[in-house]
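# Tertiary structure, described
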Amino acid sequence: MTAEEKRELFQLWDNRGDINALVAAVNKHPEWLQYTWRSIAKYRGSTGDFHGACELMKKFDSNVAFPAEETGQSIEQLRERVYHTTNDFSAAYSLYRQQMKRGLIDDALTTIRHFTEFRSPPTYFYFLEAQAWAAKKNWERSWNAWQAFEKAKSKSS
């Protein structure tokens with residue numbers, strides 16, 4: 001079977017079969033995880049293993065295209081742009097990156113959530129939110145942000 005056929009098989013198994021049997025089969029054949037990691041992550045999240053679900057997402061769903069980070073502006077200058085314009089996503093992304101680099105995780109979350117809660121930001125903002133919650137080891141909120149990221153990706157496709 002081709003890789004695509006294997007993904008389709010596991011998707012059908014997830015949709016129509018016994019998820020517990022799928023999990024058991026993947027546990028016996030870990031090489032299958034690459035084809036069904038979304039189903040296994042969803043299962044882990046549904047059982048409260050948010051950390052395990054996030055780890056799968058991090059491992060298999062981390063290929064995200066980001067814009068170039070703006071340089072030469074202070075956090076204060078970027079913050080001014082973010083909060084005094086409607087949709088300055090470039091400034092928000094750059095502000096988030098600077099905040100995360102300095103360990104200002106709560107500030108970075110505030111920056112990203114300013115857009116994810118009230119607007120329709122680029123899809124990668126949900127990914128950034130998941131990363132920030134993971135940095136705080138709040139796995140449930142990280143998982144919820146991953147799910148929002150997946151949902152936003154499917155809408156933009």
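My aim in this report is to walk through the structure given alongside it, one point at a time.

About the thresholds
Residue indices begin from 1 for each chain and proceed along its sequence in written order. Reporting of local features is limited, given that this is a predicted model, to residues whose pLDDT is at least 70; pairs of side-chain atoms are given and counted only at 80 or more, and all residues count toward the totals for whole chains, interfaces and linings. For side-chain calculations, the full set of non-hydrogen atoms in the structure is used, while hydrogens and water are omitted. Strands here are runs of E lasting at least two residues and helices are runs of H or I lasting at least four, both read from the DSSP assignment and numbered beginning at the N terminus. Residue contacts follow a heavy-atom distance rule, with two residues in contact if any of their heavy atoms lie within 4.5 Å. Using a 1.4 Å probe, accessible areas were evaluated by the Shrake-Rupley method; residue-level cover was limited to the displayed protein chains. Charged residues are defined narrowly, with Lys and Arg counted positive, Asp and Glu counted negative, and His plus the chain ends left uncounted. A single reference atom marks each charge: NZ on Lys, CZ on Arg, CG on Asp, CD on Glu. Remark: nonpolar core denotes a set of buried residues (Ala, Val, Leu, Ile, Met, Phe, Trp, Tyr, Cys) joined through side-chain atoms within 4.5 Å. Each residue gets one of three labels from its accessible area relative to the maximum for its type: buried under 20%, exposed over 50%, partly exposed in between, using a 1.4 Å probe on protein chains only. Lines fitted to C-alpha atoms define the axes here, with helix axes fitted over just the stretch in contact, and angles between the N-to-C directions of these axes take values from 0 to 180 degrees. Crossings are classed by handedness, with left-handed meaning an anticlockwise turn of the near helix from the far one by less than a right angle and right-handed meaning a clockwise turn. Ten residue types, Ala, Val, Leu, Ile, Met, Phe, Trp, Tyr, Cys and Pro, are classed as nonpolar, four, Asp, Glu, Lys and Arg, as charged, and the remainder, Gly among them, as polar. Any Lys or Arg side-chain nitrogen located within 4 Å of an Asp or Glu carboxyl oxygen qualifies as a salt bridge.

## Notes on the overall build of the chain
A count of helical and extended segments in the chain gives 9 helices and 0 strands. Judged by the C-alpha coordinates and their principal axes, the chain covers about 55 × 30 × 25 Å. Long-range contacts, defined here as pairs at least 24 residues apart, represent 54% of the contacts in the chain between residues at least 6 apart. In the form shown here, the chain has an accessible surface area of approximately 9000 Å², with 49% of it arising from carbon and sulfur atoms. Charge-centre separation for the chain: the mean point of 22 positive side chains lies 1 Å from the mean point of 20 negative side chains.

## Observations regarding the nonpolar core
The biggest cluster of nonpolar side chains holds 42 residues, and the ones touching the most others in it are Ile40, Phe125, Trp143 and Trp146. Of all the secondary structure elements, the ones that give two or more residues to this core are helix H2 (19-28), helix H3 (33-46), helix H4 (50-60), helix H5 (75-84), helix H6 (89-101), helix H7 (105-116), helix H8 (124-135) and helix H9 (139-156). Element by element, the count of residues in this core is highest for H8, at 8 residues. When neighbours within four sequence positions are excluded, Trp146 is seen to be in contact with Cys54, Met57, Lys58, Asp61, Ser62, Phe127 and Ala130.

## Considerations on the packing of H5 against H6
At a minimum axis separation of 9 Å, H5 and H6 run at an interaxial angle of 145°. Our pair here, H5 against H6, has a crossing hand that is left-handed. Facing H5, whose interface residues are Ile75, Leu78, Arg79, Arg81 and Val82, H6 presents Ala91, Ala92, Ser94, Leu95, Gln98 and Gln99. Classifying every residue of the contact of H5 with H6 by side-chain character gives 6 nonpolar, 3 polar and 2 charged.

## A word on the pattern of salt bridges
This model, assessed by the stated rule, comprises 12 salt bridges. Taking the shortest distance from any N to any O, the salt bridge between Glu117 and Arg113 comes out at 2.4 Å. Note that Glu150 is salt-bridged to Lys153, the shortest N-O span being 3.3 Å. Pair noted here: Glu150 and Lys153 are both in helix H9, with a separation of 3 residues, about one helical turn. The class for Glu150 is buried, based on a relative accessible area of 19%. A cluster of three or more residues bridged by salt bridges with shared partners is formed by Arg38, Asp61, Glu150 and Lys153.

## Re unusual backbone geometry
Backbone geometry places Lys137, a non-glycine residue, at a positive phi of 60°. For Lys137, a relative accessible area of 60% gives the class exposed.

## Let's talk about the environment of Lys6
Among the structural elements, Lys6 can be located in helix H1 (residues 3-16). Separated by 139 residues in sequence, Lys6 and Ala145 place their C-alpha atoms 27 Å apart. Not counting residues within four places of it along the chain, the set of residues in contact with Lys6 comprises Met1 and Tyr35.

So yeah, pure geometry; function would need other evidence.
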